[in-house]
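# Structural overview
Okay, here's what each chain looks like letter by letter:
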Amino acid sequence: LGHDIHFHDKKIALLEAGPRKEYDHMPDSYSNRVSSISPGSATLLSSCGAWDHVCSLRLKPFRRMQVWDACSEAMIVFEKDDLDDMGYIVENDVIMSALTKQLDAVAERVEVFYRSKAVGYTWPLPSRGCDTSPWVQVELADGRRLQTKLLIGADGHNSMVRKEAEIKSIEHQYDQSAVVATLHLSEATDNNVAWQRFLPTGPIALLPLSDTASSLVWSTSHDHASELLAMDEESFVDSINSAFWSNINHSDFIDTAGAMFRSAISLLKPSGTAVRQLPPSVAKVDPESRAMFPLGMGHATEYVQHRVALIGDAAHRVHPLAGQGVNLGFGDIACLAHHLSAAAFNGSDLGSLKHLLKFETERQRHNVSLIAATDVLKRLYSTTLAPLVLLRTWGLQATNALPPVKVRI
Amino acid sequence: QLSLLRFTVKRSFSTSHSSVDSKEIKKFQLLAHKWWDEEGEYAALHSMNDIRVPFIRDTLLSMSSNYHLGNPLSGIKILDVGCGGGLLSEPLGRLGASVTGIDPVEDNIRTADRHKSFDPVLAKRIQYKSSSLEEIVEESMETFDVIVASEVVEHVADLETFIKCCSQVLKPEGSLFITTINKTQLSYVLGIVVAEKVMGIVPEGTHEWEKFVPPEELERLLESNGFSVKSVNGMLYNPLWGSWSWVESTSLNYALHALKSGAPAQAHATDTLPETDVHQRSATAGTA
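This write-up is about the structure you can find in this document. Being a predicted model, the structure only gives us computed values, none of them experimental.

Rules used in this analysis
- Residues numbered from 1 in each chain as written.
- Chains lettered and ligands numbered in written order.
- Predicted model: local features only at pLDDT ≥ 70, side-chain atom pairs only at ≥ 80, totals over all residues.
- Heavy atoms only, no water.
- Core = buried A, V, L, I, M, F, W, Y, C linked by side-chain atoms within 4.5 Å.
- Buried < 20%, exposed > 50% of the residue type's maximum accessible area, 1.4 Å probe, protein only.
- Helix = DSSP H or I, 4+ residues; strand = E, 2+ residues; numbered from the N terminus.
- Contact = heavy atoms within 4.5 Å.
- Buried area = accessible area lost by both parts, 1.4 Å probe.
- Salt bridge = Lys/Arg side-chain N within 4 Å of Asp/Glu carboxyl O.
- Polar contact = N/O pair within 3.5 Å; in protein donor to acceptor, adjacent residues only side chain to side chain.
- Nonpolar A, V, L, I, M, F, W, Y, C, P; charged D, E, K, R; others polar.
- Pairing = 2+ DSSP bridges.
- Patch = residues over 30% accessible without salt bridge, like charges linked within 9 Å, V, L, I, M, F, W, Y side chains within 5 Å.
- Areas by Shrake-Rupley, 256 points an atom, 1.4 Å probe, with all protein chains shown as cover.

## Quick notes on the nonpolar core
Residues and elements named next belong to chain B. Residues Leu73, Ile78, Leu92 and Val148 are the most contacted members of the largest nonpolar core, which totals 41 residues. Of all elements in the fold, only α2 (22–30), α3 (43–63), α5 (106–117), β3 (126–130), β4 (144–150) and β6 (227–238) reach the threshold of two or more residues within this core. Among the elements that make up this core, the one with the highest residue count is α3 (eight residues). Sequence-distant contacts of Leu92, defined by excluding residues within four places in its chain, comprise Ile56, Leu73, Ile78, Ala97, Val99 and Val148. Judged by nonpolar contacts, the second largest core, of 30 residues, contains Phe144, Ile147, Val169 and Ala258.

## Looking at the interface of chain A and chain B
On the side of chain B, 23 residues touch chain A, which itself brings 21 residues to the contact. Carbon and sulfur atoms supply 49% of the area that chain A and chain B bury against each other, a total of about 1900 Å² over both sides. Where chain A touches chain B, the interface holds two salt bridges. We note a salt bridge from Asp119(B) to Lys149(A), for which the minimum N-O separation is 2.9 Å. Linking chain A with chain B are five residue pairs in polar contact (both at pLDDT 80 or more). Residue classes in the side of chain A that touches chain B are distributed as six nonpolar, nine polar and six charged.

## Notes on the pattern of salt bridges
All names here are of chain A. Across all of its chains, the model carries 23 salt bridges over all chains by this definition. Here Arg307 makes a salt bridge to Asp349, at a shortest N to O gap of 2.9 Å. Taken as a pair, Arg307 in the loop between β18 (304–305) and β19 (308–310) and Asp349 in the loop between α8 (325–345) and α9 (353–380) lie far apart in primary sequence, 42 residues in all. Given a relative accessible area of 4%, Arg307 falls into the buried group. The class for Asp349 is buried, based on a relative accessible area of 17%.

## Looking at the pairing of strand β2 (residues 34–37) of chain A
All names here are of chain A. Here β2 shows no split at all, with Val34 and Ser36 on one side and Ser35 and Ile37 on the other all buried. Two elements, β2 and strand β6 (residues 87–91), share four bridges in a ladder whose sense is antiparallel. Paired with Ser36 across the bridge in β6 is Ile89.

## Details of a nonpolar patch on the surface
Residues and elements named next belong to chain B. A grouping of Leu186, Tyr188, Val189 and Leu190 is seen on the molecular surface, where their side chains present a nonpolar patch of about 330 Å² in accessible area. In this fold, Tyr188 is placed in helix α9 (residues 185–198). Under the relative-accessibility criterion, Tyr188 is labelled partly exposed at 41%.

## Description of the pairing of β6(B)
For a regular strand, the rule is simple: side chains alternate between the two faces of the sheet. All names here are of chain B. Alignment of β6 against strand β8 (residues 253–260), held across eight bridges, turns out to be antiparallel. Each bridged residue has a counterpart across the sheet, and for Val229 the counterpart in β8 is Ala258. Sheet analysis places β6 next to strand β7 (residues 243–247), joined by five bridges and oriented antiparallel. Its bridge partner lying in β7, Met235 is registered against Trp246. Here β6 folds back onto β7 in antiparallel fashion, the turn holding four residues, of which Gly242 has a positive phi close to 65°.

Below, the structure is given as structure tokens:
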């Protein structure tokens, strides 16, 4: 918004709980918190000039994504026809640094309060005839007070803005945690493929960082996650390799049924079955890079109220299995910025519900289906029950053969 | 506050040559506190901003060659006649214009003043005065770049006087924007019966069909008083979505843009020359 021409004479304050993060060049080791950035999100970052900084720091584009089941041979491969980049794996710190640089560029419009925390909010009263200020009052931990026409809550899934505004949300804790780590591969490779295998305990994913390094995101039960963190490095690496390579969960029944279906498809649609590639094997893990965090799903019943808007995880939270969490947030940002810019050019009061509701409708329509689908996938792949495995095996194989559906995904 | 009080005590409304209708004043007094309830009685006027503000903004931008998109109306002095609670004055002020809003109903001005007072930027850009148009003519000859009279002329007692006064306070080649309701059978059925009595989109009794103004008559009055009408567009309100849109037909609501002729208060003979000047200017502005 600071870079938007229609916001030329507006003032924006950004409250950030963490410290300022800016890098001129990245440290040799990779951070263990990475995100998969979709091309759409890259466009957004590029529109405010941040993508150039990301590119000059570091990122890894990937061209292909292979997703397969641990209980069968079913697999689906995503790739763009023209061999364009499907997405980018970028460390979160890199994105933060790029954004910090761009915020500096509009410092006269955007003031960032680092290491600050809001401790209280006073909402405008609905009655129109009152004499108290109709704006939102924000009280900071250091005693300062700010007032604003529009408060945007981007404070994560435990959003205080959302709670204080009394916006209800549907929440569900998965009994899973995600384990992240930075891994070094056995041998250098092109490494432009993202791998994900659905184990009965949860999906394990390998995201490329460079020719020799990849980032791990392994969603599994809380107990298993703690074990993984506690075990020595060698055992950890062995667990990862076996998770990707072992066929222990296969059953003859499923394999045969799957093979039959596959031959049926190749009769109907010869190009419908792809060659399965083998994921790289892991040699070692970066010490200190193992970490875990709990997973859950959430969706706010409303994204907006008079003078309040929620974006990103404050509005919705998904399982990392689809790699979409941050991209949904970027989508929210693009949409809200578009509506606010138009409202500013019309001279409207920025906190007015009219355009905020347009943002809410547009994003809820988009987000709800994706969040629901992700949740269904998570549940579907959490079981070893034969009928469901068969269902998802055939489903995956069929989806792999149908270009229109794949493109949609 | 004190100066407002003094102002209204000193002046008394003259009924014979005034454009203000005292019956109309009483109607609006009752609803003076409802202006800023976006979903209340004035909801339709709030959503009218979605088309009338861009209309004014884009027309003015197309006539000027140097402007900043972040502050499109900066440096422009606008008079909002019949500003009510300031519903239109505020967005125009936010776009950078210096706005003077006048309204004969004192309670409206009070509401408008209070509402703008919470925004330090708007409080400086907008000035409100409880007054009729005639009363400010003497002190504001050829002061304003733009006059906006939105949903006003259908409440006015003497339209020709109103137009003459507009001409006096407007700078030469200044713009006049009017939105109002046509006098047709359709506007009686939809504008009064349905809008007021059946659906309650407009508070009952707000409008009198007799005072609606057909665009032809408005154009005639304008052209014979030193204005040249540049565009007339029909507007339509959709009660289901609560939103306005532009339409071909002017049989219900319409918006009009006119320019005051360049030569100061002359007879018709010189009309053609300033008109071609203006056309040329807007043509070059388009290509600039």
